[in-house]
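Per-entry structural report
In case you want the letters, here they are:
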Amino acid sequence: MIQLSYKPFQLNLKYPFTIAKFSRTYTPIMLIELHYEGFTGLGEASMVPYMGEDYESAAAFLKKIDWSKIAYPFNYDEIRKYLGGLSAGLPAIKAAVDIALHDLEGKLTGTPCYKFFESEKLLMPETSVTIGIDVPEIIAQKLSDAGPAKIIKVKLGRDNDRELINTIRSITDKPLFVDANQGWTDKYEALDKVQWLAAKNVALIEQPMDKTNFEDNKWITERSPIAIIGDEAVQRLEDVDKAAGIYHGINVKLMKSAGMHEAYLMIKRAKELNLKILIGCMSETSIATMAAAALAPLCDWADLDGPFLTSNNPFPNPGFENGKWLLPDVPGLGVPEI
């Protein structure tokens, strides 16, 4: 039977991370290991505060799991239902279990995780690196730190959006992703910003207005010259259908989707609905970064910048070349145990 071990970890950010509605300096992480037949599967839960999970809720959930009900070979549909029935919500700690099971299965079968999803390494999209809201001097420093990345993601949603973009454009002409984080409140002003941003070589905009404001988000999408992506509005599989007709695409994050398996189902469903797909992340270690990278070749864009934004990643940073994460041909995720 699978044996579980876990430990809390504080993942520190290189800079205070500020978006439209809050700022933080670290992220609580729960690192887990699943031991079976001499192999160890690695997983993590990145528990950003606004999602409502913490060390206590994660530990309590892990203690509920009856590991005799999760037998190898793993049936991920059944595991998803079982974990979902133990507690409502808590997608990050469920993701930790799902990621660790995939890593374990990869090691048991000698298979790189990306091959479980028929990902093509050559289709890996370039990943963006995020610049949080800040003063011009720190923005310049952050852009310098993001040097290897070919795409910059910018957090907007306050009253200095144009100043921030102009500061970045005075330093770099790299393509931009923009995330308003529900920070815009007037659809006419929002559309005016969208059109202005299109002229600034912005490729996409995430969640322009409140996730519950379906009509105004749809109104902006219908008039936007660039892709409008549902982020906070799209968390689990059932949200993908709701996004069709409101957004051009969706942002899939493992910490919201409860892991790799449901993220894959979301990607498949989005393709059926002709929705574009951005695969994103929270602040994460190499474990969740490589778990998402295994799915990234199935997506149109990637925003997997955890190792760039954190200062104490306990694992070696994954390989990164020409603006893209490298998928190693080793069993599992390719993250060494520590």
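A short tour of the structure in this document, coming up. No experiment lies behind these values; they were computed from the predicted model shown.

Re the nonpolar core
Ile70 and Met260 are the most contacted members of the largest nonpolar core, which has 110 residues in total. What isoleucine 70 contacts, discounting residues up to four positions off in sequence, is Ile2, Ile65, Ile79, Tyr82, Leu83 and Leu101. Ranked by size, the runner-up nonpolar core spans seven residues in total, among them Ala227, Ile229, Leu278 and Trp301.

Thoughts on the side chain of asparagine 217
The residue asparagine 217 is located in helix H8 (residues 214-223) in this model. Taking the relative accessible area as the measure of exposure, asparagine 217 reaches 0% and is therefore buried. A distance of 3.4 Å separates a polar atom in the side chain of asparagine 217 from a polar atom in the side chain of tyrosine 247. Look past the residues within four positions of asparagine 217 in its chain and what remains in contact with it is Gln207, Pro208, Met209, Asp210, Lys211, Ile246 and Tyr247.

Considerations on the environment of lysine 174
The topology assignment puts lysine 174 in the loop between helix H6 (161-169) and strand E6 (176-179). Since its relative accessible area comes to 21%, lysine 174 is described here as partly exposed. Taking C-alpha positions, lysine 174 is 6.3 Å from lysine 150, a pair spaced 24 residues apart along the chain.

Comments concerning unusual backbone geometry
Residue tyrosine 72 is joined to proline 73 through a cis peptide bond whose omega torsion reads 0°. Inspection of the secondary structure assignment puts proline 73 in the loop between helix H1 (55-64) and helix H2 (76-86). A positive phi angle, close to 65°, is found at glutamine 182, a residue other than glycine. Mapped onto the secondary structure, glutamine 182 falls in the loop between E6 and helix H7 (187-198). Its identity as a non-glycine residue notwithstanding, asparagine 274 has a phi of 60°, on the positive side. Inspection of the secondary structure assignment puts asparagine 274 in the loop between helix H11 (260-272) and strand E10 (276-280).

Digging into the packing of aromatic side chains
A full pass over the atoms with the stated rule returns eight aromatic pairs. With centroids separated by 5.4 Å and ring planes inclined at 75°, the aromatic side chains of tyrosine 72 and phenylalanine 74 adopt a geometry described as edge-to-face. What makes tyrosine 72 partly exposed here is its relative accessible area of 32%. Ring-pair connections join several aromatic residues into one group, and the members of that group are Tyr36, Tyr72, Phe74 and Tyr76.

Observations regarding the packing of H6 against H7
Interhelical geometry of H6 versus H7 gives an angle of 5° and a closest axis separation of 12 Å. Compared by their axis directions, H6 and H7 come out roughly parallel. Seen from H6, the contacting residues are Asp161, Arg162, Ile165 and Asn166; seen from H7, they are Asp192, Lys193, Trp196 and Leu197. Among the residues making up the contact of H6 with H7, the classes are represented as three nonpolar, one polar and four charged.

Scoring rules and cut-offs
- Residue indices begin from 1 for each chain and proceed along its sequence in written order.
- Local features in a predicted model are, by the rule used here, given only for residues with pLDDT of at least 70; side-chain atom pairs are given and counted only at 80 or more, and totals for whole chains, interfaces and linings are based on all residues.
- For the side-chain quantities, the full set of heavy atoms in the structure was used; hydrogens and water were omitted.
- For the purposes of this section, nonpolar cores are sets of buried Ala, Val, Leu, Ile, Met, Phe, Trp, Tyr and Cys residues that join through side-chain atoms within 4.5 Å.
- Residue exposure (1.4 Å probe, protein chains only): buried if accessible area is under 20% of the type maximum, exposed if over 50%, otherwise partly exposed.
- We call two residues in contact whenever any of their non-hydrogen atoms come within 4.5 Å of each other.
- For the purposes of this entry, the term helix denotes a DSSP run of H or I that reaches at least four residues, the term strand denotes a run of E that reaches at least two, and both are numbered from the N terminus.
- Two N or O atoms count as a polar contact when they lie within 3.5 Å, although within protein this holds only if one can serve as hydrogen donor and the other as acceptor, and sequence-adjacent residues are included solely when both atoms are side-chain atoms.
- Note on aromatic pairs: the rings of Phe, Tyr and Trp (six-membered ring only in Trp) are paired at centre separations within 6.5 Å, and the planes decide the class, stacked below 30 degrees, edge-to-face beyond 60, tilted for the rest.
- Orientation is described by lines fitted to C-alpha atoms, with helices fitted over the stretch in contact, and by angles between N-to-C directions that extend from 0 to 180 degrees.
- When describing relative orientation, an angle under 35 degrees is termed roughly parallel and one over 145 degrees roughly antiparallel, while 65 to 115 degrees is termed roughly perpendicular and anything else oblique.
- Three classes are used: nonpolar for Ala, Val, Leu, Ile, Met, Phe, Trp, Tyr, Cys and Pro, charged for Asp, Glu, Lys and Arg, and polar for all others, with Gly counted as polar.

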